[in-house]
Every structure is written in C-alpha cells, then in structure tokens.
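Examination of the molecular architecture
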Amino acid sequence: MSVNPDIQVERDTATFRSIDVTHMLDGSPEATNQRRIRQKQIGDDPQINRRNIIFMSHEERYEAAIARGLRIEQLKAEHDWDIMDENNAIMWCFSDIAMFVHKVMFIPAIERLGNKEQHDKWLPLAIDHKILGTYAQTELGHGTFLRGLEMEARYDKSTEEFVISTPKHSSMKWWPGSLGHSSSHAVLLATLYIDDQNCGMQPFIVQLRDLNTWKPLPGVEVGGIGPKMALATTDNGFLVLNNVRIPRDQMLMKYAQVSKDGKFTKSGAAKANYSTMMLVRVGIAHSCYFSLAVGATIVTRYSAVRRQGEIKPGAPEVKILDYQTQQLKVIPSIATAYAFHFCKEHLKWYYIETFQQIQQNDFSGLPEIHCVTSGLKAYMSDIATAQLETLRRACGGNGYLLSNGITNTYIQTLALPTVEGENTVLYLQVARYLMKCLKVAATGEAVKGSLSYMNEKIKTPYTSGLVTREDYSNVKKLLKLYQNMTVRLTQKAGDHLNKLHVSGQPKYEAWNNTSVQLVNAAKAYCQTYVLGMNIEGLSTQAVDLPGDALEVIHQLCVFYALHGITEQSGNFLETGCINITELHIIQQEAQEMMAKIRKNAVALVDAFDIPDNLLNSTLGCYDGNAYQHLYDSAKSDPMNQKQVLPAFEKYIKPMLQGKHTSKL
Ligand SMILES: CCCCCCCCCCCCCCCCCCCCCC(=O)SCCNC(=O)CCNC(=O)[C@H](O)C(C)(C)COP(=O)(O)OP(=O)(O)OC[C@H]1O[C@@H](n2cnc3c(N)ncnc32)[C@H](O)[C@@H]1OP(=O)(O)O
Ligand SMILES: Cc1cc2nc3c(=O)[nH]c(=O)nc-3n(C[C@H](O)[C@H](O)[C@H](O)COP(=O)(O)OP(=O)(O)OC[C@H]3O[C@@H](n4cnc5c(N)ncnc54)[C@H](O)[C@@H]3O)c2cc1C
C-alpha cells in the first residue's frame, strides 16, 4: 500500500531528521538497532502480537496472554535477552501478559527482601519457572494503609512454623495480580505476631497450589475477583488462608528476623520492606512515557490524514491538525511525552544508584528517593491518563473504537494512578517530605537534593525575571518560576498547618485539614521536577543532536514550560510568581510555539519509532492509510464472517413475522 500523500508531505517538510531524534531517545544508533531487533522479534511473532485481541473473549485473552508470556520466555532464551529487554517486552505488550507480576514483583521481592540462603533456594526456582508467583499485599479492607493489614502470621515456637490465617472478610487478600488462576506461590505480606506482640508487616513465601494438579493446597481458598475495566489478562485474585502452616525459614529475613525461639530482630531501615513497591513505581514511570508516546503517535498521524471542514470558506477541506484547537489537544501530549522520556531516564539511573547504596546498607538516600518515586509515579500517571483521554476524544467517533489502538492503551494505563499506591496518598507522602525540608530551611540549614532551591530565599517584593521577550523562551528562567511557585505553595501549606496547630488542633487533625493545600504543593513539586529533568536532558542527552533537531527539542521544552503555566495559571498568579500581564504574554508565546511545533508534529512522533505491529492501530499506521485500515479491521471482525447471524432466526425473524408477542 502506498503512503498517504497527506502524511508524506508532513515528513517531507519537517525541519529535522526523525532518525537523529530516535537515536537520542534510544541513547545511540547502536541502541536503536538493538531495540528494533527486539521489537521485531516481538511484533512479528504470531503468539505475541496483539493484533486480534479486540475480538477475543475474556478467557481467550487470558489464554493468549499466558501463551505470550511463555513465548517471551522462549525468545529471551533464544536471543539472550537481559532483564531490561524483558521489562521492555512487558511494556511493549502493555503488560498484556498473564503472570507478569511474577517478573516485576515476585522475583524482585525475593531479591530485595530475602537473605542469601533464601535467594539460593527460591530464586533459581522462580527464574526457571519451576514455581510461579504473585505479590499478595492488598486486602479487601486495606490496600493503602499497610500498617492496618489484618492477615495474621503467628509464630508457633513449638513447631518452628508460622500459622497464617484470615480472621475476617476484610483480611482476605484482594487484588494481587496472577493470584486468581496463575500462581503456585505468593510473597505474602502479613502482620507478624509473636506471643501476641505485633511485629509489623512482614513478607512470607507461601505455596498456594499443588504444582502437578494446580489444585489449591489444604487450607487455601483462592479465585479471581471478576471482570475489570481492562487488564483482563492479569487474573487479579482473592485469597483466604485457614491456619496454613509454613516453616520459619519462609519468612523473608533480609531486614527482619525471627529466631527459632521466637526472638524478633530488625536490621536496615524502618520501611525497607516497602522497597519492592519503589521499583515498580519506577517501572510505572516508564510505562507512562510509552503509553503517551503511543497515544501521541496515533492521534498526530490520524490528525494529519483526516480532512474535515474548512478554515477558509470555500477552500478545500483541511487536515484536522490545522485547527488550533486540535493542536491544543495533540501538541501538549507530544511535548509531555518528550519531557517524560528525559524524566524516566533520569529516574532509572537514580534508582539504580540508590539501590546499590541500599545493598551496601547505606539507607541515607531512602527518604528522597521515596519522595521522588512516589511523586513521579503519581504525577506521570495522572498526566498520562488525562492526556490519553483528551487524545482519544480528539479522534472523534473513531476514538471510541477498539481498533484505534488508543482506547486499549488508555484503559490499561488507567490502572496506574491506583496500583502501587493510590495517587493522592502518594502525593501526601511527597508533602510529608516537603514539610520536613521546609523545617530544615527555616532553621537556616541547607536543604539538599531536589529541593535545594528552597535554600534561596524568595525576595519580597518579587519580580519574575521576565523582562525581554527572549526571557519567555529561556527555559532556565521559566524553571525558576516553577521553583518559586513550589516553594511558595509549600510555605503556604506549612503556614496553614502551623496556624491550625497553634489554634489548638492536634497535629494529625491540622494535617488532614491542610491536605488539599499539601497535595497541591506536592503536584507543583512534581511538575517542577519533570521540567527540571527535561532541561537537564537538553544539555546531556540532546546535546549531540544536529542543530536543526536540537532546536525542535528545545522548542518542545519551552512549550512544555509555557503550557504548564497556562494550565496552572491560578497557582502562579496566586503565589505572585507572575502577574496578569506576564500571563497574557506567556499564553501568547505558548500559542506561537505550538504553531511552530505543528510543522514538525508528525516527524516528532515518527521519532518515537514505534513499529506498526506494536502500535496495533488502524488510525495511526505509519503509512497514514487510516480509512483503509479501518475498513480492513471491520471486515475481519468474526461477526462479519457470516452474512446472517443466528440471532436472525432466533429473534429477529419471529419479530418480523409478528410472533414476538408469543413466548420465545
Ligand atoms: C531499574 C529500573 C528500571 C525499570 C524500567 C522498566 C521498564 C519497563 C517496566 C515494565 C512494565 C511494568 C509496569 C508496571 C505495571 C503495573 C504493575 C501493577 C502491579 C500492581 C501491584 C500493586 O499494586 S502491589 C500493592 C501496592 N501497594 C501500595 O503501594 C500501598 C501503598 N501504601 C504505602 O506504600 C504505605 O502505606 C504508605 C502510603 C507509604 C504509608 O506507609 P506508613 O503508614 O507505614 O508510613 P507513614 O506514612 O506513617 O510514614 C512513615 C515514614 O516512612 C517513610 N516511608 C514510607 N514509605 C516508604 C518507602 N517506600 N521507602 C522509604 N520510606 C518510606 C515516610 O516517608 C515516613 O517518613 P518520616 O516519618 O521520616 O516522615
Ligand atoms: C489493576 C490492579 C492491579 C493490582 N495488583 C496488585 C498486586 O499485584 N498486589 C497487590 O498487593 N495489590 C494490587 N492491587 C491493589 C492496589 O495496590 C490498591 O488497590 C491500591 O494500593 C489502592 O489501595 P485501596 O484499594 O485500598 O484504595 P483506598 O485506599 O481504599 O482508596 C480509596 C480512596 O480513599 C483515599 N484515601 C485512602 N487513604 C487515604 C489517606 N490516608 N489520605 C487521604 N486519602 C486517602 C484515596 O485517595 C482514594 O481516593 C492492584 C489494584 C489494581 C486496580
């Protein structure tokens, strides 16, 4: 099929070469080649490709997802994939792989929470798939508040075993992925009691099913929790344990230990048992980038080939991408996807570095990385889901079809604001850190790390520093505005908290009564962090780009900063970081920048280099022939393979013959 001329002209008139930017996104031309090979191995494989999933039943999708998982294992062995290849494969399949919790949580939990002997025993079994596991933490009554977990593990000194039980409905496990039908084992988080003394949430390895018959073991009641919005293939489950006994060495004992005679000891940081969640939060940041890049690719290409209506009366119909309002739906998502790219790359290296320190029992970096990973997981998933919905609607009627590729991406991504810590709760964790840093700054001590900009006192009366028109496209000056806004919102929340406390409210009550301001400050911190990483990326990852490409990536960053101010203008105005005249100029500059970026919109999404066989989209194929692909997809619908469906004889015909009033 030839390429649609409407999309070809976009490529021909772009001011830079997409491939240069692709190399930057991958890290190097070699890395691009390597990724392409991996994506081809996945996308071309009939067992992995998700082309037909939209026509499958729930059970068919589950089975296909198991087969996909197995096939990925075979490819990994055949082609010698490393752990990143495997994680990327999961991401490129939008986590549409049954048992992926085994990879992204069960194994990492054993690695992080187990001691040497436990690694030696369990990791080979898990890595070779001799056992399949889930991460069972959430209960019906408690998902967020981990100190409230009710499943009990009571130590029995006489037999040197833990006895695990589910005292009431609210204490059954509820939600763990792959628990329903696909796990033989669980890393199970339960509250440990020794002689009735509560020793907090601890991790245990519990076998759930017989490895030969797959039947639940005695005392284990397990099943699926029912259909969900999406992620049909991760069979989220429930689990009731009736006095199930496990040996003492099946408590994962890296950070807390129980001796034979029932002595409880702790080592490491207080929240070390939460470390698996931190890793997955980093993975979620990666997924948010990828989902948004997919959405932006599909909708930008579709908007460049769909013509409807006219701008100039009587002139030929225009591409919908030429409407300014359509640009406002599409361009921010392109700019955000690029900003998220820089941010998730930073996050990956930051995590790896801090994890190495933790491995050497240096926990000093834990509070800051907990703040950053919690905040970015929340912020990036909030923004990605909101923008994906805007993008989906930007396809008009065809935005409602499953074959468009964006609807599925959107509903899979919709899980991310909830899983791994509900977003509001995570913002409140960030706020806790903000308040601590504010306290440090108030004592005159230097705040370190991502909030070191707090050290600089904001002068009153304050000027924004935006003097010349060039200042409005100076990303460092714009970043300063964001930092000042964050500090002021943090101070405002801190003042409110103190005022309530001084007026007699206990601290916890004052906290709850300030939580709206606290969350607002936390979001500002996250937005500032993402912009900071985008700017850092310009001078690190983007610095070797040819001039024309660097200019466009720089324009995107400027637009990201300006557009963010227009979206959050209330915060910037209220904190006095800009005045109304400056806001008007910012709005104007953002619109002008958007028009410049529009010229390169298709080339910018081409640079994401997401192949058609992973995109799975009728609307967003590289060749731009959206109408042909829509027609082909409709024709391939199994319901269209028969000219007359059985429902005709059964119901429609009797109705036509006037027999519908008699009993069917
Ligand atoms: C190299 C990597 C590269 C990767 C690249 C990969 C690329 C590809 C990726 C592949 C695709 C994969 C995508 C994934 C798909 C989705 C998977 C779906 C699976 C979903 C699984 C789940 O859904 S699984 C369940 C998750 N369930 C939660 O997520 C519970 C939330 N709930 C809490 O997390 C706690 O409940 C909460 C709120 C903290 C309060 O905990 P709490 O009450 O005990 O604590 P308090 O609030 O009292 O805080 C007391 C002090 O602890 C501090 N602190 C708290 N946490 C801390 C911590 N983690 N580390 C350090 N410090 C911490 C805090 O900062 C305070 O410090 P201070 O006192 O100094 O202020
Ligand atoms: C698709 C999917 C997959 C999952 N996979 C797993 C898994 O593999 N393993 C696992 O263990 N769990 C899993 N979960 C569970 C998930 O981690 C929890 O649902 C999540 O952590 C939110 O907890 P919750 O359901 O208790 O929400 P709640 O805490 O009940 O949230 C409800 C509302 O209460 C608010 N709220 C709660 N506490 C506070 C607070 N302190 N301050 C302010 N507001 C508050 C929230 O902001 C939210 O608006 C999964 C969930 C989903 C949807």
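Residues numbered from 1 in each chain as written. Chains lettered and ligands numbered in written order. Predicted model: local features only at pLDDT ≥ 70, side-chain atom pairs only at ≥ 80, totals over all residues.

We count it as follows: UniProt positions are given in the numbering used here, feature names are shortened, and annotations may be inferred rather than shown by experiment.
The protein chain carries the name Acyl-coenzyme A oxidase in an unreviewed UniProt entry, which gives Owenia fusiformis as its organism. Here the protein chain is described in UniProt, under the heading Subcellular location (unreviewed entry), as follows: "Peroxisome". Under the UniProt heading Pathway (unreviewed entry), the note attached to the protein chain is "Lipid metabolism; peroxisomal fatty acid beta-oxidation."

Let's talk about the site of ligand 1
To be explicit about the condition: Using the backbone to place each C-beta atom, any residue with that atom within 6 Å of a molecule or strand is considered near it. The helix count covers DSSP runs of H or I at least four residues long, the strand count covers runs of E at least two residues long, and both are numbered beginning at the N terminus. Any residue outside Ala, Val, Leu, Ile, Met, Phe, Trp, Tyr, Cys, Pro, Asp, Glu, Lys and Arg is labelled polar, Gly included; the first ten of those are nonpolar and the last four are charged.
As a structural note, the neighbourhood of ligand 1 is formed by 36 residues, with K271, Y274, G283, H370 and G421 the closest of them. Put simply, the parts of the chain that give the shell around ligand 1 at least two residues each are α5 (83-92), α8 (275-305), α9 (324-359), α10 (366-393) and α12 (423-442). For the shell around ligand 1, the leading source of residues is α8, giving 8 residues. Among the residues forming the shell around ligand 1, the class breakdown is 18 nonpolar, 13 polar and 5 charged.

Here we look at the UniProt feature "active site" (unreviewed entry) in the protein chain
Put simply, the test is: Our exposure labels follow a C-beta count within 10 Å of each residue's own C-beta, placed from the backbone: buried means 20 or more other C-beta atoms, exposed means 12 or fewer, and partly exposed covers the counts in between. By the convention adopted here, residues are in contact when the distance between their C-beta atoms, placed from the backbone, does not exceed 7 Å.
Under the UniProt annotation, "active site" (unreviewed entry) lies at E420. With respect to the element layout, E420 can be found in the loop between α11 (406-413) and α12. With 23 C-beta atoms counted inside 10 Å, the residue E420 sits in the buried group. Among residues more than four places away in sequence, those in contact with E420 are M277, V280, R281, I284 and K377.

Overview of the sheet that holds strand β7 (residues 220-224)
Rule in force here: For two strands to pair, DSSP has to find at least two bridges joining them.
Strand order in the open sheet formed by 3 strands is β4-β8-β7, and the pairing between neighbours is antiparallel. The sheet is open, and its two edges are formed by β4 (173-174) and β7, each paired on a single side. The pairing of β7 with strand β8 (residues 237-241) spans 5 bridges and is antiparallel. Looking at the pairing, V220 lines up with L241 of β8.

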